[in-house]
Amino acid sequence: MSVTTAALDPSVCAPLPVLGQDVTVPLVTGGEVVYAALDYAASAPALQRVWDDVAAYAPYYGSVHRGAGYLSQLSTDLFENCRRTVAEFLGCRAEDQVVFTRSTTDSLNLLAAALPADCQVFVYETEHHASLLPWRDARVTYLDAPRTPAQAVETLERALADRDPYGPALVCVTGASNVTGELWPVKELAAAAHAHGARIVLDAAQLAPHHPVDIAELDVDWVAFSGHKLYAPFGSGVLAGRADWLREAEPYLAGGGASRKVSRRADGGVDVDWHTTAARHEAGSPNVIGVYSIASACKALTEAGFDNLVAREQELVSRVREGLAEVPEVQVLSLFGDDAPRVGVISFVVRGWNSSHFAAALSAEYGIGVRDGLFCAHPLVRTLLGSDPQDPGECGAPEAEPGERSLNAIRVSFGAGTPDEHIDRFLRAVSELVRDGARWNYRTEDGRCVPDRGEAARTA
């Protein structure tokens, strides 16, 4: 998987309009500043186009698949058209299903519930918890973190070749790391999986917002992603891919919408005829607004020209990495090395700083929102930091006071809606904080590092 770095035409590569781009936030040192949202890897701001589309549809909202009225029929048509839009966005094959879920986590738990008996799952320790943890009812082989893409493929091939007994198997792998932003060799891993009779699911939560994803071209069996990473609000997700395991599994949720026919038996029990389509795993009243927002985002990214969006993001990635490299105290975290292709997700630590303290100062003194912690990828961050598994550290900020060592890192992430000024301000803030220190006093409160509102600024 390569990253486009073609020359850009500024007229077609401006940041896409997003909600919140003019929101101002107070600074602890006084005054206000336009908020710099640099936490896209957690939740990207909604595209203005998505919000406008949803607002235009909202008065026509109706119950999907459950009404004869005009608004219900309109909403049903819209819902199914969204399924086709997402299938086109992902390059789905004719026989693939698109199932709407709540999130990537929900999608992978759905697939975990649909695994055939005695299925063995292979997953790298480098995965986000959403793809590391759902396989509780399967035999799981956890693979050590590779240090090169080639090593990732070799590790998988050895593990698959050694599996005993030889039966159904599934490989789960991320497309782009939520910690380092590095791209994984998905196509090569898919080829290795299939050569050994296994299937593969791609966690595209961090890939789909930054890079085209084509199921057929990558030759993966399933793709999972979340709307809230793809510039679409409202808590929806997608699981797209092969239909057979999903069709043969018990419904993920039992209830209305998943069933075609329910009847009482003579003995007093109930017989159920379940759907064999995607509806089998979409019981209950679906999140039509959320599904429509995903489809709208897919259209918006496609129409904006993904090649242009990728190229502009790569310029921002280069600027951030070059700017951080100028600060000797900053260590950027990486599995595959400096030359590895990556999306707009970069994690780092700063020598002499508690990472939560540093992130709090970025917010309170510069109006910059980043993430600190272990990013719901504890084994990976621990590996990158060279820590002992028993060292303290949690998904959020640990209980370390400002200035104390902490087992966590800082993550800056950006994308199609990020203005140049946000990147410039971030790099300036990192340099100033390392050179001059924080201008305010901070303390730990409920596990978070926060400004001490009772103390005046230490410097003007």
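It should be noted that the structure appears before, not after, this text.
Conventions and cut-offs
- Residues numbered from 1 in each chain as written.
- Predicted model: local features only at pLDDT ≥ 70, side-chain atom pairs only at ≥ 80, totals over all residues.
- Heavy atoms only, no water.
- Helix = DSSP H or I, 4+ residues; strand = E, 2+ residues; numbered from the N terminus.
- Buried < 20%, exposed > 50% of the residue type's maximum accessible area, 1.4 Å probe, protein only.
- Phe/Tyr/Trp six-rings, centres within 6.5 Å; stacked < 30°, edge-to-face > 60°.
- Lys NZ or Arg CZ within 6 Å of the ring centre and 35° of its normal.
- Pairing = 2+ DSSP bridges.
- Axes fitted to C-alpha atoms, helices over the stretch in contact; angles between N-to-C directions.
- Contact = heavy atoms within 4.5 Å.
- Disulfide = S-S within 2.5 Å.
- Core = buried A, V, L, I, M, F, W, Y, C linked by side-chain atoms within 4.5 Å.

**Digging into unusual backbone geometry**
Piece 1. Even without being a glycine, Phe 375 presents a positive backbone phi close to 60°.
Piece 2. Residue placement: Phe 375 occurs in the loop between strand S16 (371-373) and helix H12 (378-385).
Piece 3. Given the relative accessible area of 1%, Phe 375 is considered buried.
Piece 4. We note that Cys 376 has phi near 50°; this positive angle belongs to a residue other than glycine.
Piece 5. Residue placement: Cys 376 occurs in the loop between S16 and H12.

**A closer look at the environment of Gly 437**
Piece 1. Summarising the element assignment, Gly 437 is placed in the loop between helix H13 (420-436) and strand S18 (442-445).
Piece 2. Gly 437 sits in the partly exposed class, given a relative accessible area of 24%.
Piece 3. Placed 225 residues apart in sequence, Gly 437 and Pro 212 show a C-alpha to C-alpha distance of 41 Å.

**Observations regarding the packing of aromatic side chains**
Piece 1. Scanning all chains against the criterion turns up 11 aromatic pairs.
Piece 2. Look at Trp 222 and Trp 245: their rings are 5.3 Å apart centre to centre, the planes differ by 35°, and that puts the pair in the tilted class. Placement of the pair is Trp 222 in strand S9 (residues 222-226) and Trp 245 in helix H8 (residues 244-248), with a sequence separation of 23 residues. Summarising the burial analysis for this pair, Trp 222 and Trp 245 share the class buried.
Piece 3. Here the aromatic cluster, defined as three or more aromatic residues joined through ring pairs, consists of Phe 348, Trp 353, Phe 358 and Phe 426.
Piece 4. The residue whose ring lies beneath Arg 163 is Tyr 166, and the NZ or CZ to ring-centre distance is 4.0 Å.
Piece 5. Sitting over the ring of Tyr 366, Arg 439 keeps its end group 5.3 Å from the ring centre.

**Observations regarding the pairing of strand S19 (residues 448-451)**
Piece 1. Pairing geometry for S18 and S19, over four bridges, is antiparallel. Bridged to Thr 444 within S19 is Cys 449.
Piece 2. Between S18 and S19, which pair antiparallel in sequence order, lie two residues; one of them, Asp 446, sits at a positive phi of approximately 55°.

**Quick notes on the sheet that holds strand S14 (residues 345-350)**
Piece 1. Taken in spatial order, the four strands make up an open sheet running S13-S14-S17-S16, and their pairing is antiparallel. Among the strands making up the open sheet, the edge pair consists of strand S13 (330-332) and S16. Each adjacent strand pair in this sheet contributes to an overall mean axis angle of 30°, direction not counted.
Piece 2. Note: S16 against strand S17 (residues 409-413), three bridges, orientation antiparallel. Pairing of Gly 373 across the sheet is with Ala 409, part of S17.
Piece 3. The strands touched by helix H10 (residues 306-325) are S13, S14 and S17; relative to S14, the strand with the most contacts, the crossing angle is about 10°.

**Topic: the state of the cysteines**
Piece 1. Across all of its chains, the model carries zero disulfides by this definition.
Piece 2. Just so you know, Cys 119 is unpaired, no disulfide at all, and the nearest cysteine sulfur is the one on Cys 172, 11 Å from it.
Piece 3. The thiol sulfur of Cys 298 is not disulfide-bonded, and the nearest other cysteine sulfur, from Cys 82, lies at 9.1 Å.
Piece 4. The exposure class of Cys 298 is buried, given its relative accessible area of 1%.

**Examining the nonpolar core**
Piece 1. Judged by nonpolar contacts, the single largest core of 87 residues is most densely connected at Leu 90 and Phe 225.
Piece 2. The greatest single-element share of this core, amounting to 10 residues, is contributed by helix H9 (residues 288-304).
Piece 3. Once residues lying within four places of it in the same chain are set aside, the contact partners of Phe 225 are Val 86, Leu 90, Ser 103, Thr 104, Ala 204, Ala 205, Ala 208, Leu 230, Gly 237, Val 238 and Ile 294.
Piece 4. Counting residues in hydrophobic clusters, the runner-up holds 36 residues, among them Leu 38, Val 330, Ala 359 and Val 412.

**So, the sheet that holds S9**
Piece 1. Pairing within the open sheet is mixed, and its seven strands lie in the order S4-S10-S9-S8-S7-S5-S6. The sheet is open, and its two borders are formed by strand S4 (97-101) and strand S6 (139-143), each paired with just one other strand. Taking the axes of each pair of neighbouring strands and ignoring which way they run, one obtains an average angle of 20° across the sheet.
Piece 2. As judged from the five bridges shared by S4 and strand S10 (residues 237-241), these two strands associate in the antiparallel manner. Each residue of the ladder has a partner; that of Phe 100, found in S10, is Val 238.
Piece 3. Here helix H3 (residues 104-113) sits on the sheet in contact with S4, strand S7 (169-174), strand S8 (199-203), S9 and S10, set at roughly 150° to S9.

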